[in-house]
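Notes for the structure review
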Amino acid sequence: MKLHSINHSYFKLDGGAMYGVVPKSLWNKLNPADENNLCNWALRSLVIEDEGRLILIRMVMLSRSKILVISETAKSDWRLYSAI
């Protein structure tokens, strides 16, 4: 089985809203916030190659507060990358 991560884009969200009750002194070390308390996040998809099958786990940003996960399977070649 092979896993392939695909970066689509980057976006910013409020660090306090994302980490909730975790103190900023802890999460700011891993994901530093800018002067507006916004952290950088990546929108990624995952392609799983297993026994001749391709499975695409696609992340789609619907709005600022909703992210949709879509799982697709295909028996085609890597044209699946261009469908993202």
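Our structure is the block above this text.
A short tour of the structure in this document, coming up. What you see is a predicted model, and the numbers here were worked out from it, not measured in a lab.

Within the fold, W27 resides in helix α2 (residues 24–30). Each C-alpha atom of the pair W27 and G16 lies 9.2 Å from the other, and the pair is eleven residues apart in sequence. Beyond its immediate chain neighbours, meaning those up to four positions away, W27 contacts G15, G16, Y19, V22, A33, N37 and C39.

A word on the environment of V47. Among the secondary structure elements, V47 is positioned in strand β2 (residues 38–50). Accessibility expressed as a relative area gives 1% for V47, which makes it buried. Spatially, the C-alpha atoms of V47 and S5 are 6.5 Å apart, while their sequence positions differ by 42 residues.

Right, let's get into unusual backbone geometry. Phi is positive for N37, which is not a glycine, with a value near 65 degrees. Examined against the element boundaries, N37 turns out to sit in the loop between α2 and β2.

Turning to the packing of aromatic side chains, a few remarks are in order. A complete count under the given rule lists two aromatic pairs for this structure. For the ring pair Y19 and W27, a centre distance of 4.9 Å and an interplane angle of 10 degrees mean the geometry is stacked. Classification of Y19 by relative accessible area gives partly exposed; the value is 25%. Note on W27: relative accessible area 4%, which makes it buried. Ring plane angle 35 degrees and centroid distance 5.8 Å describe the contact between Y19 and W41, whose orientation is recorded as tilted.

In this structure the tally under the stated criterion is one salt bridge. D34 serves as the salt-bridge partner of K12, at 3.4 Å between the closest nitrogen and oxygen. In this pair, K12 sits in strand β1 (residues 2–14) while D34 sits in the loop between α2 and β2, placing the two residues 22 residues apart along the sequence. According to the relative accessible area criterion, K12 is partly exposed, its value standing at 43%.

Parameters at a glance
Residues numbered from 1 in each chain as written. Predicted model: local features only at pLDDT ≥ 70, side-chain atom pairs only at ≥ 80, totals over all residues. Heavy atoms only, no water. Helix = DSSP H or I, 4+ residues; strand = E, 2+ residues; numbered from the N terminus. Contact = heavy atoms within 4.5 Å. Buried < 20%, exposed > 50% of the residue type's maximum accessible area, 1.4 Å probe, protein only. Phe/Tyr/Trp six-rings, centres within 6.5 Å; stacked < 30°, edge-to-face > 60°. Salt bridge = Lys/Arg side-chain N within 4 Å of Asp/Glu carboxyl O.

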